[in-house]
Amino acid sequence: MAPQERTSCCEEDSRQSGSIDNNLSNIDLSGSFVNKGFTNDSTDNVAAKNTDNEDNRKKVTDFDDLLPYVGEFGIYQKILFLMMIPFAFFVSFVYFSQIFMTIVPEQHWCWIPELANLTVEERRALAIPPKTDGPFAHDRCHMFSADWTAALAQGRTTPDDEWPIIPCTHGWEYNRSDVPYETIASQLDWVCDKDNLPATAQAIFFCGAIVGGLVFGWIADKYGRIPALVGTNLVGFAAGIATAFCNTFWSFALCRFLVGLAFDNCFTMMYILVLEYVGPKWRTFVANMSIAIFFTLGASLLPWIALWADDWRRYALGISAPFIIAAATPWLVPESARWLLSQGKIDKALVIMKKFERINKTKIPDKVLSEFTEASHKAIKESEAESKTYSVLDIFRTPRLRRNALLLIVIWMAISLVFDGHVRNVGSLGLDIFLTFTIATATEFPADTFLTVVLDRWGRRWLACGSMVISGIFSLLATAVPVGGPSASLAILGRFAVNISYNIGLQYAAELLPTVVRAQGVALIHIMGYVASILAPFVVYLANISQELPLLILGVLGIIGGVLCLLLPETMDTEMPQTLADGENFGKDQRFWDMPCFPRKKQARSEPPPPGAGELAFARALPARASRASVRASVRLSARSRRGAADAV
């Protein structure tokens, strides 16, 4: 995916700049920071089991405490989960669609109008210079210059050795056996000296993604998640429809920039909303399955939609028109209760919870509602009283935290570039691009499943290193075997491995950066990933120079990025840093060769806690395997702080 993404169970508001973002969902009023996306599900189960026992019942202080009373995954949550399907399809269409608009048949040669009455073989034999090196038997960008009328009158079927060779002057003709429909690239002849235009258009798309993240992130913070969700999808709808009417490169590039505004907010906002309304023990299922099934299915269908449409304009219209469905969202999907609470709109949030009661056939006791309302008002007052602010620049002020932040940025840029490079390099693997793309995309499902099983057993550090290095090795091996089945198989294995790295990288930053700057820090890393993705189309473009170059670059970057992961501290089963001092000291007790699979024996500590420890108490980030949150969820539910990060830098 891809998709790059945020999570709201640990939401942090950039507007608070130092306080934990969503006070109502993330502040335990006893004084501890609790990342609700990663806390032990058993606490919620205990709360649910003891609802009838007033003596043992935990006092309701935040939104997660209220969920067991309306049902953690009831009928309404299941409906919302299924409503994620169109939005998951939309983001896959936005991200991958241009591949099938701008591919060019591999075999093309100069078009010569005077020889139109000859067969294709006769035209090439007479007018196109032959080539003895490379994968093609003829020149794709040059032709012989001759008096074709005289040549035909003489009955010539082969060229004269004295005819000069010149660039194509009347356009190109294409062998459509590998791409059986017209694309904008073949229609406008983006080949030879213009073959860089598809890569340029894709880079412009990612520029739009950066701007869209900032704009719609601000809208989500200011006006709510639903307006942002509707707005980003309607922009994708309008720009996608307009794409079908483009007749020049610059009009196409403009439309791709506007489509980029919709990436990846057209899905992320819905993702945030649904994860907010399901109980913690169901978030792993909802977060993983929405990506592993819905996103993967949408992306895998895309090449076959292109073949069915049989024309790039119909294809653009067909994948863009469904976006209009998002206009019905305000009547079908509730606004984020956490956002409403953060805005002081407690009554509106309770109206939404009453709707959950009605559909799920549950009942919130009046005393619970009273406790929740009181705690919400208290949290809002505490948030307003918070005066200390932090900037993303604070993570660069101390040496260890600065080193970790720079490593996270470089590693995430490497992962983003390698991931997007593999996505767009499928056309250079020597096999049918439509089938190869489908198989490569389908690796997302086993990668997500595998990671869910092993992440909390093997840890982040060595698993991130291993998957990146393995991706790099497979990419390098793909350049050493014949083009076709062998190279494609190895490249797809490299794609599978980098899928794992991509998911780990998204979570690593959220767990390693201190709470007070986490949202802004993750946003900065997210933006730098987009910057790296801008370069990916040009890396893939190098296949026009040498077919092995893209995989060589992706392989080297994968190995370098994997090795750099070993310089980061492990975050599995550790307390998430809250303050800048915590972030600076994080991992000091770890050694380079420490591995979660082979833990060091630790001596029991009996010394008393340091002064003030009670005020800075943490909740363990990942205390139990039963609470494996989505690998992507750590970032997807983080606050919409790109605007703050961009302002700071």
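Residues numbered from 1 in each chain as written. Predicted model: local features only at pLDDT ≥ 70, side-chain atom pairs only at ≥ 80, totals over all residues. Heavy atoms only, no water.

A word on the overall build of the protein chain
Part 1 of the argument: Helix and strand counts for the protein chain come out as 28 helices and four strands.
Part 2 of the argument: Across the 649 residues of the protein chain, 58% fall into the buried class.
Part 3 of the argument: Of the roughly 25,600 Å² that the protein chain leaves accessible, carbon and sulfur atoms contribute 62%. (Helix = DSSP H or I, 4+ residues; strand = E, 2+ residues; numbered from the N terminus. Buried < 20%, exposed > 50% of the residue type's maximum accessible area, 1.4 Å probe, protein only. Areas by Shrake-Rupley, 256 points an atom, 1.4 Å probe, with all protein chains shown as cover.)

Description of a nonpolar patch on the surface
Part 1 of the argument: Taken together, the side chains of Leu 234, Ile 324 and Ile 325 make up a nonpolar region of the molecular surface, amounting to roughly 240 Å² of accessible area.
Part 2 of the argument: Structurally, the position occupied by Ile 324 is in the loop between helix H14 (312-320) and helix H15 (329-332).
Part 3 of the argument: For Ile 324, a relative accessible area of 42% corresponds to the partly exposed category. (Patch = residues over 30% accessible without salt bridge, like charges linked within 9 Å, V, L, I, M, F, W, Y side chains within 5 Å. Salt bridge = Lys/Arg side-chain N within 4 Å of Asp/Glu carboxyl O.)

Looking at helix H17 (residues 346-360)
Part 1 of the argument: For H17, built from 15 residues, the straight-helix expectation of 21 Å at 1.5 Å per residue is met to within 8% by its first-to-last C-alpha distance of 21 Å.
Part 2 of the argument: Residues of H17 that are buried include every one of Ile 346, Ala 349, Leu 350, Ile 352, Met 353, Phe 356, Glu 357 and Asn 360, and no others. Viewed along the axis of H17, the buried residues span an arc of 155°, placing them on a single side of the element. Exposed and facing more than 90 degrees away from the buried side of H17 are Asp 347, Lys 348, Val 351 and Arg 358.
Part 3 of the argument: Lys 361, located one to two residues past H17, shows a positive phi value of around 60°. (Expected span 1.5 Å × (residues − 1). Arc of directions from axis to C-beta.)

A short note on the packing of aromatic side chains
Part 1 of the argument: Taken as a whole, this structure holds 28 aromatic pairs when the rule is applied.
Part 2 of the argument: Consider the rings of Trp 218 and Tyr 223, whose centres lie 5.7 Å apart with planes at 85°: the pair is edge-to-face.
Part 3 of the argument: Take Trp 218: its relative accessible area is 34%, and that puts it in the partly exposed class.
Part 4 of the argument: Three or more aromatic residues link up through ring pairs in this structure, and these residues are Tyr 95, Phe 96, Phe 100, Tyr 181, Phe 205, Phe 206, Phe 263, Phe 295, Phe 434, Phe 437 and Tyr 530.
Part 5 of the argument: Residue placement shows Arg 124 over the ring face of Trp 109; its charged tip is 4.5 Å from the ring centre.
Part 6 of the argument: Across the ring face of Tyr 95, the terminal group of Arg 424 is positioned such that the distance to the ring centre comes to 5.1 Å. (Phe/Tyr/Trp six-rings, centres within 6.5 Å; stacked < 30°, edge-to-face > 60°. Lys NZ or Arg CZ within 6 Å of the ring centre and 35° of its normal.)

Things to note about the pattern of salt bridges
Part 1 of the argument: Counting across every chain of the model gives four salt bridges.
Part 2 of the argument: Its salt-bridge partner being Arg 123, residue Glu 173 comes within 2.9 Å of it at the nearest N-O pair. Of this pair, Glu 173 sits in strand E4 (residues 172-174) while Arg 123 sits in helix H6 (residues 120-127), and the two are 50 residues apart along the sequence. In terms of burial, Glu 173 and Arg 123 fall into one category: buried.

Some remarks on the state of the cysteines
Part 1 of the argument: Under the definition given, this model contains two disulfides.
Part 2 of the argument: The side chain of Cys 141 participates in a disulfide bridge whose partner is Cys 192; the two sulfur atoms lie 2.0 Å from each other. Here Cys 141 and Cys 192 share a disulfide; its torsion about the S-S bond, -95°, makes the bridge left-handed. Pair noted here: Cys 141 is in the loop between H6 and strand E2 (142-144) and Cys 192 is in the loop between helix H8 (184-187) and helix H9 (197-223), with a separation of 51 residues, a long-range link.
Part 3 of the argument: Overall, the relative accessible area of 23% leaves Cys 141 in the partly exposed class.
Part 4 of the argument: Under the relative-accessibility criterion, Cys 192 is labelled buried at 15%.
Part 5 of the argument: Counting only the cysteines that take part in disulfides, in the order they occur along the protein chain, gives the pairing 1-3, 2-4.
Part 6 of the argument: Here Cys 246 stays unpaired: no disulfide links it, and the sulfur of Cys 255, its closest cysteine neighbor, is 3.6 Å away.
Part 7 of the argument: The exposure class of Cys 246 is buried, given its relative accessible area of 3%. (Disulfide = S-S within 2.5 Å.)

Details of the confidence of the model for the protein chain
Part 1 of the argument: On average, the protein chain scores 79 in pLDDT, and the residues at 70 or more come to 81%.
Part 2 of the argument: For the stretch residues 1-55, pLDDT sits under 50, and the model shows 193 contacts to residues farther than four places along the chain or on other chains.
Part 3 of the argument: Throughout residues 603-649 the model reports pLDDT below 50, and contacts reaching past four residues in sequence, or to other chains, amount to 164 contacts. (pLDDT = per-residue confidence, 0-100. Contact = heavy atoms within 4.5 Å.)

Here's the deal with the environment of Leu 407
Part 1 of the argument: Summarising the element assignment, Leu 407 is placed in helix H19 (residues 399-424).
Part 2 of the argument: For Leu 407, a relative accessible area of 9% puts it in the buried group.
Part 3 of the argument: Residue contacts for Leu 407: discarding those within four places in its chain leaves Leu 564, Leu 567 and Leu 568.

As for the packing of H9 against helix H10 (residues 225-243)
Part 1 of the argument: Look at H9 against H10: their axes get within 7 Å of each other, and the N-to-C directions meet at 150°. By the angle class used here, H9 and H10 are roughly antiparallel. Crossing hand, H9 versus H10: right-handed. Taking contact as the criterion, the partners of Phe 216, Ile 219, Ala 220, Asp 221 and Tyr 223 in H9 are, on H10, Arg 225, Pro 227, Ala 228, Gly 231, Thr 232 and Val 235.
Part 2 of the argument: Of the residues contributing to the contact of H9 with H10, the split by class is seven nonpolar, two polar and two charged. (Axes fitted to C-alpha atoms, helices over the stretch in contact; angles between N-to-C directions. Parallel < 35°, antiparallel > 145°, perpendicular 65-115°, else oblique. Left-handed = near helix turned anticlockwise from the far one by under 90°. Nonpolar A, V, L, I, M, F, W, Y, C, P; charged D, E, K, R; others polar.)

Quick notes on unusual backbone geometry
Part 1 of the argument: A cis geometry characterises the amide bond from Phe 263 onward to Asp 264, with omega recorded as -5°.
Part 2 of the argument: A positive phi is found at Asp 310, a non-glycine position, where the angle reads about 65°.
Part 3 of the argument: In this structure, Asp 310 sits in the loop between helix H13 (280-309) and H14.
Part 4 of the argument: Positive phi is not limited to glycine here, since Lys 361 has a value of about 60°.
Part 5 of the argument: Tracing the backbone through its elements, the reader meets Lys 361 in the loop between H17 and helix H18 (366-385).

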